[in-house]
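# Observations on the three-dimensional arrangement
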Amino acid sequence: MPITDGHGNAKWTREESILALDLLYRHGRSISESHPDVQELSALLRRSTLHPPEKRQNSFRNPAGVEFKIQNLMSAIDPKRKLSASDVDREITAAYPEHLRDEVASIARALRVTLDLPAVQDDEIPDDEVFIEGRWLTARHRHRDRRLRKRLLFNLRHEALKCEMCDHSRPKLERDLQESLYEAHHRIPLAKAEGQRSTRVADMALLCACCHRLIHKLIAHEKRWVSVAEARAIALGEAAAGN
């Protein structure tokens, strides 16, 4: 069993836990701190900007700590093991059981790219809207959406603006006032979007602010990606039921 000195270090986030779970699914339960992939993950987490310096001790995410986290995840999967598991460990392993290992690997690849980039913070994201992938990808997703919105609206400058979920449209308003009602939303899951070198405008959906918030809530509630088409069916179905 690894010996760690984790006192004073920041708690493991969803993002970090998913990266550790990926190692567990790829290499099995015998993986140890001496494994090259454990040491590589330790180096990645130590150089990332996910946690500020004041929340790091010299032992922060060292190889022994990474192995210990893998042991915790194993305990979340098998409660008969002696080690304890955190709420995040249990949440992650319940959301991503081993038969979803390919999905875990996809998210892990996106996170590896993201963690090597400068920090993107968004304090406006409520806790209940954080996607299962974690706050880090969610913040980057929101940040990129704001930048891509301008491109999307420019491409639609000769077309009527309409929400793809609820068909909301206000054609009688001046164009700049119409544009203020709409936001851009990725059509594809966060991990796939993060893995792209560039995002095409065709990959973005135009949603009114209310529907954009709704689809984020649906994704957070379902703990999986919800497409615009699926969210539209849910939204219109609820509206019909209420009439």
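I will try to describe carefully the structure that is included in this document. (Residues numbered from 1 in each chain as written. Predicted model: local features only at pLDDT ≥ 70, side-chain atom pairs only at ≥ 80, totals over all residues. Heavy atoms only, no water.)

### Brief notes about the pattern of salt bridges
Summed over the entire model, instances satisfying the criterion amount to 13 salt bridges. A salt bridge links Asp-167 to Arg-232, with the nearest nitrogen and oxygen atoms 3.0 Å apart. With a gap of 65 residues between them, Asp-167 in the loop between α6 (135-155) and α7 (175-179) and Arg-232 in helix α10 (residues 228-242) connect regions that are remote in the sequence. With a relative accessible area of 25%, Arg-232 lands in the partly exposed category. The residue Arg-224 makes a salt bridge to Glu-230 at a minimum N-O spacing of 2.7 Å. By relative accessible area, Arg-224 is classed as partly exposed at 35%. Looking at Glu-230, the relative accessible area reads 28%, which means it is partly exposed. Taken together, the shared-partner salt bridges in this structure form one network comprising Asp-22, Arg-26 and Asp-37. (Salt bridge = Lys/Arg side-chain N within 4 Å of Asp/Glu carboxyl O. Helix = DSSP H or I, 4+ residues; strand = E, 2+ residues; numbered from the N terminus. Buried < 20%, exposed > 50% of the residue type's maximum accessible area, 1.4 Å probe, protein only.)

### Things to note about the packing of helix α1 (residues 14-27) against helix α4 (residues 87-95)
In contact at an axis separation of 10 Å, α1 and α4 are set at 55° when each is read in the N-to-C sense. The orientation of α1 relative to α4 falls into the category oblique. Crossing handedness for the pair α1 and α4: right-handed. Judged by residue contacts, Arg-14, Ser-17, Ile-18 and Leu-21 of α1 engage Val-88, Asp-89, Glu-91, Ile-92 and Thr-93 from α4. (Axes fitted to C-alpha atoms, helices over the stretch in contact; angles between N-to-C directions. Parallel < 35°, antiparallel > 145°, perpendicular 65-115°, else oblique. Left-handed = near helix turned anticlockwise from the far one by under 90°. Contact = heavy atoms within 4.5 Å.)

### Focus: α4
Looking at α4, one finds that the buried residues are Asp-89, Ile-92 and Thr-93. Taken end-on, α4 shows its buried residues confined to a sector of 95°, consistent with a single buried face. Turned more than 90 degrees from where α4 packs its buried face, Asp-87 and Ala-94 sit exposed. Contacts made by the buried residues of α4 are with α1 and α3 (63-77). (Arc of directions from axis to C-beta.)

### Some thoughts on the pairing of strand β2 (residues 204-208)
Here β2 lies mainly inside the structure; 5 of its 5 residues are buried. Residues Met-204, Leu-206 and Cys-208 line one face of β2 and the alternating positions Ala-205 and Leu-207 line the opposite face, and both faces are buried. Sheet topology note: the strand β1 (residues 182-186)/β2 ladder contains 5 bridges and is antiparallel. If you follow His-185 over to β2, its bridge partner there is Ala-205. (Pairing = 2+ DSSP bridges.)

Take it as geometry only, folks, not as evidence of what the structure does.
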